[in-house]
Amino acid sequence: MKFKTQQTLSEIANILGCDYVGKPDFPVLGMNEIHVVRPGDIVFVDHPKYYDKALTSAATVILINKKVECPEGKALLISEDPFSDFNKLTKHFNPFDPARAVIADSASIGTHTIIQPNVFIGNNVEIGDDCIIHSNVAIYDNTKIGNNVIIHAGTVLGADAFYYKNRPEKFDKLQSGGNVVIHDDVEIGALCTIDKGVTASTTIGEGTKLDNQVHVGHDTIIGKRCLIASQVGIAGCVQIEDFVTIWGQVGITSGVTIGQKAIISAQSGVSKSLTGHKSYFGTPADEFRKKYKELASIRLIPDIIDKLDKIK
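A few points on the structure. (Residues numbered from 1 in each chain as written. Predicted model: local features only at pLDDT ≥ 70, side-chain atom pairs only at ≥ 80, totals over all residues. Heavy atoms only, no water.)

### What about the pattern of salt bridges?
Step number 1: As enumerated under the stated definition, the model contains 13 salt bridges in all.
Step number 2: When the shortest N-O distance is used, the salt bridge between Lys 88 and Asp 85 registers 3.8 Å. Taken as a pair, Lys 88 and Asp 85 lie in helix α3 (residues 82-93) at a separation of three residues, close to a single helical turn.
Step number 3: We classify Asp 85 as buried; its relative accessible area is 10%.
Step number 4: Among the salt bridges present, the one from Asp 160 reaches Lys 196, with a minimum N-O distance of 3.7 Å. You can see Asp 160 sitting in the loop between β15 (156-159) and β16 (164-166) and its partner Lys 196 sitting in the loop between β20 (193-195) and β21 (201-204), a full 36 residues away along the chain.
Step number 5: Accessibility expressed as a relative area gives 11% for Lys 196, which makes it buried.
Step number 6: Within this structure, Asp 81, Arg 167 and Asp 172 form a network of salt bridges that share partners. (Salt bridge = Lys/Arg side-chain N within 4 Å of Asp/Glu carboxyl O. Helix = DSSP H or I, 4+ residues; strand = E, 2+ residues; numbered from the N terminus. Buried < 20%, exposed > 50% of the residue type's maximum accessible area, 1.4 Å probe, protein only.)

Right under this line is the structure:
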């Protein structure tokens with residue numbers, strides 16, 4: 001998430017009421033999660049296990065809960081609770097703006113686009129030309145939709161990320177300041193849910209088709225011309241490359257990559273990254289031939305046990 005205007009380190013520290021290490025006029029351009037940070041961004045870290053990852057990331061401002069040696073060319077914000085302070089920054093720079101109309105005045109809708117009854121379109125939404133948005137679709141603030149996109153009834157674009165910190169007294173929610181981006185020629189089935197990014201964009205690539213009841217988690221990026229069948233659940237921060245096919249009821253864990261032209265069969269469970277140009281099935285998902293050999297071996301177990309019993 002980029003700020004509308006460049007900030008300084010001292011200005012951010014004043015918002016948070018915290019100390020800092022670095023020049024007061026050190027430039028701050030935005031804030032992002034660790035997996036999407038760029039120079040000029042703030043990233044937060046609140047556990048020693050991840051200090052090095054944050055300090056050596058592309059981020060140039062680290063919101064951290066301990067004063068450590070500051071890498072050259074970077075700055076630190078010293079916070080007692082980086083998670084809460086990161087939320088404070090999200091609320092400050094991207095506050096929630098309640099809807100004042102079913103279709104916001106700030107929304108932009110292209111030519112020949114059809115909006116069916118009972119569609120909600122939030123603030124600063126952009127919808128391209130020749131789209132069809134069917135009844136009861138909810139499109140949250142800042143969503144970007146390309147040309148020739150079809151979205152079927154009951155789908156929700158831009159709900160908050162499912163991201164919580166487990167504190168002793170409660171689950172503490174990480175505020176979502178990102179959005180959803182839908183490229184040209186995408187079709188999204190009925191009752192799908194695509195969550196916004198925490199600080200960046202959840203993205204559906206050009207020509208991709210989603211069946212009914214597909215869930216896409218925060219900050220996931222789906223490539224071009226993918227086919228995703230009904231009841232697939234994709235967690236946050238997943239990378240799905242171009243021309244991937246995912247059949248029904250597949251579950252994909254967070255942070256993995258599915259390579260180009262991979263095919264994943266129905267009811268598979270993906271727990272690790274999968275290379276492209278191969279077919280997979282099972283839980284955990286693995287290559288077809290390997291999985292079939294495993295199943296064939298399992299079928300032999302009763303006979304082997306029976307033979308062992310006879311030997312005894």
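### Topic: the sheet that holds strand β7 (residues 108-109)
Step number 1: Taking strand neighbours across the sheet as the criterion, the eight strands line up as β7-β10-β13-β18-β21-β24-β27-β30 in an open arrangement whose pairing is parallel. Edge positions in the open sheet fall to β7 and β30 (257-258), since each of these has one partner strand only.
Step number 2: Pairing of β7 with strand β10 (residues 126-127), which is carried by two bridges, proceeds in the parallel orientation. Note that in β10 the partner of Ser 108 across the bridge is Glu 126. (Pairing = 2+ DSSP bridges.)

### Brief notes about the sheet that holds strand β31 (residues 263-264)
Step number 1: The ten strands lie next to each other as β8-β11-β14-β19-β22-β25-β28-β31-β33-β34, forming an open sheet whose pairing is mixed. The sheet is open, and its two edges are formed by β8 (114-115) and β34 (286-287), each paired on a single side.
Step number 2: Pairing between strand β22 (residues 209-210) and strand β25 (residues 227-228): two bridges, direction parallel. Paired with Lys 209 across the bridge in β25 is Leu 227.

### Section: the state of the cysteines
Step number 1: In this structure the tally under the stated criterion is zero disulfides.
Step number 2: Left without a disulfide partner, Cys 18 is nearest to the cysteine sulfur of Cys 70, which lies 13 Å away. (Disulfide = S-S within 2.5 Å.)

### Observations concerning α3
Step number 1: Over its twelve residues, α3 extends 16 Å from the first C-alpha to the last, a length consistent with the 16 Å expected when each residue adds 1.5 Å.
Step number 2: Among the residues making up α3, those that are buried are Pro 82, Phe 83, Asp 85, Phe 86, Asn 87, Leu 89 and Thr 90.
Step number 3: Among the structural elements, α1 (9-16), β3 (27-31), β4 (41-45), β5 (61-64), β16 and β17 (171-173) are those in contact with the buried residues of α3. (Expected span 1.5 Å × (residues − 1). Contact = heavy atoms within 4.5 Å.)

### Remarks on the pairing of β15
Step number 1: Pairing analysis gives two bridges linking strand β12 (residues 138-139) to β15, with the strands arranged parallel. Across the sheet, residue Ala 138 finds its bridge partner in β15, namely Val 156.
Step number 2: Pairing analysis gives three bridges linking β15 to β20, with the strands arranged parallel. By the bridge assignment for β20, Val 156 is matched with Thr 193.

### Concerning the pairing of strand β6 (residues 75-78)
The two faces of the sheet receive side chains in turn, since in a regular strand these alternate between them.
Step number 1: Burial along β6 is two-sided: the face carrying Ala 75 and Leu 77 and the face carrying Leu 76 and Ile 78 are both buried.
Step number 2: Where strand β2 (residues 19-21) meets β6, three bridges bridge the pair, whose relative direction is antiparallel. Each bridged residue has a counterpart across the sheet, and for Val 21 the counterpart in β6 is Leu 76.
Step number 3: Strand direction decides the pairing type here: β5 and β6, joined by four bridges, are parallel. Within β6, the residue paired with Leu 63 across the bridge is Leu 77.

### Notes on unusual backbone geometry
Step number 1: Geometrically, the link from Thr 283 to Pro 284 is a cis peptide bond, its omega value of -5° lying close to zero.
Step number 2: Tracing the backbone shows Pro 284 in the loop between β33 (279-281) and β34.
Step number 3: Phi at Leu 191 takes a positive value of approximately 60°, unusual for a residue other than glycine.
Step number 4: Here Leu 191 is to be found in the loop between β19 (187-188) and β20.
Step number 5: With phi around 65°, Lys 261 is a residue other than glycine that occupies positive phi space.
Step number 6: Mapped onto the elements, Lys 261 comes out in the loop between β30 and β31.

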